[in-house]
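Listed below, chain by chain, are the residues.
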Amino acid sequence: MTAHPRPSGRSSVAPVVVVVAVVLGLAMCTVGGDGPAAVAVPWLMVAAAVAAAVWAVRRARKDRSAYEARLTAWAASEAVLAERLRIARDLHDIVSHGLGLITVRAASTRHLPKPPEVAAALTDIEDAGRHATAELRRMLTVLRSPDFDERAPLDGIDDLPRIVAGAAVAGVRPRLTVDPLGEVSQGVQVAVCRTVREALSNAARYAGPTDVRVRVHRDGRFVVVAVTDAGPAEGGWQASPGAGHGLDGLRERVGSLDGTLTAERVDAGFRVTARIPDEVPDEAL
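Below is a summary of the structure that appears in this document. (Residues numbered from 1 in each chain as written. Predicted model: local features only at pLDDT ≥ 70, side-chain atom pairs only at ≥ 80, totals over all residues. Heavy atoms only, no water.)

**Considering the overall build of the protein**
Then comes step 1: A count of helices and strands for the protein gives seven helices and five strands.
Then comes step 2: Starting at the N terminus and ending at the C terminus, the protein contains elements arranged as α-α-α-α-α-β-α-β-β-α-β-β.
Then comes step 3: Each of the 285 residues in the protein was classed as buried or not, and the buried ones make up 29%.
Then comes step 4: Restricting the contact set of the protein to residue pairs at least 6 apart, pairs at least 24 apart contribute 71%.
Then comes step 5: Only carbon and sulfur atoms are counted for the fraction: they give 60% of the accessible area of the protein, which is about 17800 Å². (Helix = DSSP H or I, 4+ residues; strand = E, 2+ residues; numbered from the N terminus. Buried < 20%, exposed > 50% of the residue type's maximum accessible area, 1.4 Å probe, protein only. Contact = heavy atoms within 4.5 Å. Areas by Shrake-Rupley, 256 points an atom, 1.4 Å probe, with all protein chains shown as cover.)

Right, here's the structure in full:
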């Protein structure tokens, strides 16, 4: 599978050289004649041949450099596509099957007698599994497609209610507040949504069914998102840590936008705050 066909290395030098050679051949027919042309034409032929040779060498070098640049860009694009396909295969083989099994096992307990709390928890597990499976399938479609930008819908500020509502399935009790932000660039919107997703996911893993406040507001030229949980749930909640790379990746994403990410304990809970610069017109503030 290739994103684009291999670039062509054809040069525009050869056709021009052929035309010049034909013209010189025709001009040679005048050699041996009488008159001023018999003296001028040979010198004109030499001058034309030298000029054509110099032009051909320069043009050939320019065409070669342009071809090598196109070839390098094509090779990089193919390498990215190959890596995306490898990631898609790994996600499908490792993650998709596990999510499917979790969803099926949770659904298979519907007819069994059980306490209401257990039934509600299994229903939440089934719903979360189906949602995660759908998101994973969309991601796999994006990874397998060469037209990445056209197939990958980006999260925006308007998606925050959906993201927060989805976290409620994991047991947390989120409350979202979005102050007027004015115009926000697409890259900053994506970073805000990723921050909220990761912070809510961490709260669900470490604090369990607890209250979480999500606030997004503007502070001058900065868009600020803060996600604060109330601390671990009562009743002996056992944290289930993840791989530990979520905040590192999020810090890298925010940093790529010249923003800052802080993660700190607040009272009994934990707060993740991202401050991302986003220049907007004065009238939009």
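Anyway, onward from the coordinates.
**Here's the deal with the side chain of Gln189**
Then comes step 1: Structurally, Gln189 is set in helix H6 (residues 186–206).
Then comes step 2: The class of Gln189 is buried, set by a relative accessible area of 17%.
Then comes step 3: What Gln189 contacts, discounting residues up to four positions off in sequence, is Asp155, Gly156, Ile157 and Val184.

**Structural notes on the sheet that holds strand S5 (residues 269–277)**
Working definition: the strands of a sheet are paired by backbone hydrogen bonds and lie parallel or antiparallel to each other.
Then comes step 1: Ordered by their spatial adjacency, five strands build an open sheet running S1-S2-S3-S5-S4, and the pairing between neighbours is mixed. Edge positions in the open sheet fall to strand S1 (173–178) and strand S4 (260–266), since each of these has one partner strand only. In this sheet, adjacent strand axes meet at a mean angle of 15 degrees when their direction is disregarded.
Then comes step 2: Bridge count between S1 and strand S2 (residues 211–219): six bridges; the pairing is parallel. By the bridge assignment, Arg173 is partnered in S2 with Asp211.
Then comes step 3: Those strands touched by helix H5 (residues 160–168) are S1 and S2, and its axis lies near 170 degrees from that of S1.
Then comes step 4: H6 contacts S1, S2, strand S3 (222–229), S4 and S5 of the sheet and is inclined by roughly 10 degrees relative to S3. (Pairing = 2+ DSSP bridges. Axes fitted to C-alpha atoms, helices over the stretch in contact; angles between N-to-C directions.)

**Quick word on the pattern of salt bridges**
When the charged atoms of two side chains lie near each other, side chains of opposite charge can form a pair.
Then comes step 1: According to the stated counting rule, one finds ten salt bridges in the structure shown.
Then comes step 2: One salt bridge in this structure joins Asp179 and Arg215, with 2.8 Å as the shortest N-O distance. On the criterion of sequence distance, the pair formed by Asp179 in the loop between S1 and H6 and Arg215 in strand S2 is long-range, its members being 36 residues apart.
Then comes step 3: Judged by its relative accessible area of 23%, Asp179 is partly exposed.
Then comes step 4: A relative accessible area of 40% means that Arg215 is categorised as partly exposed.
Then comes step 5: Because the salt bridges share partners, they merge into one network encompassing Asp155, Asp159, Arg162 and Arg197. (Salt bridge = Lys/Arg side-chain N within 4 Å of Asp/Glu carboxyl O.)

**Some points on the packing of aromatic side chains**
Then comes step 1: Considering all chains together, one arrives at zero aromatic pairs under this definition.
Then comes step 2: For Arg275, the ring lying beneath its charged end belongs to Phe222, and the centroid distance is 4.6 Å. (Phe/Tyr/Trp six-rings, centres within 6.5 Å; stacked < 30°, edge-to-face > 60°. Lys NZ or Arg CZ within 6 Å of the ring centre and 35° of its normal.)

**Points about H6**
An α-helical turn contains 3.6 residues, so any two residues separated by three or four positions project in the same direction.
Then comes step 1: A rise of 1.5 Å per residue sets the reference length of H6, with its 21 residues, at 30 Å; its end C-alpha atoms lie 30 Å apart and thus fit the reference within 8%.
Then comes step 2: Two residues or fewer past H6, Gly208 is found with a positive phi of approximately 75 degrees. (Expected span 1.5 Å × (residues − 1).)

**Here's the deal with the pairing of S3**
Then comes step 1: Of all eight residues making up S3, seven are buried, and the element is well covered by its neighbours.
Then comes step 2: For S2 and S3, the ladder comprises eight bridges, and the chain directions are antiparallel. Pairing of His217 across the sheet is with Val224, part of S3.
Then comes step 3: Counting the residues in the hairpin turn of S2 and S3 gives two residues, including Gly220, whose phi is positive at 65 degrees.
Then comes step 4: Judged from the seven bridges that link them, S3 and S5 form a sheet pairing that is antiparallel. Bridged to Thr228 within S5 is Arg271.

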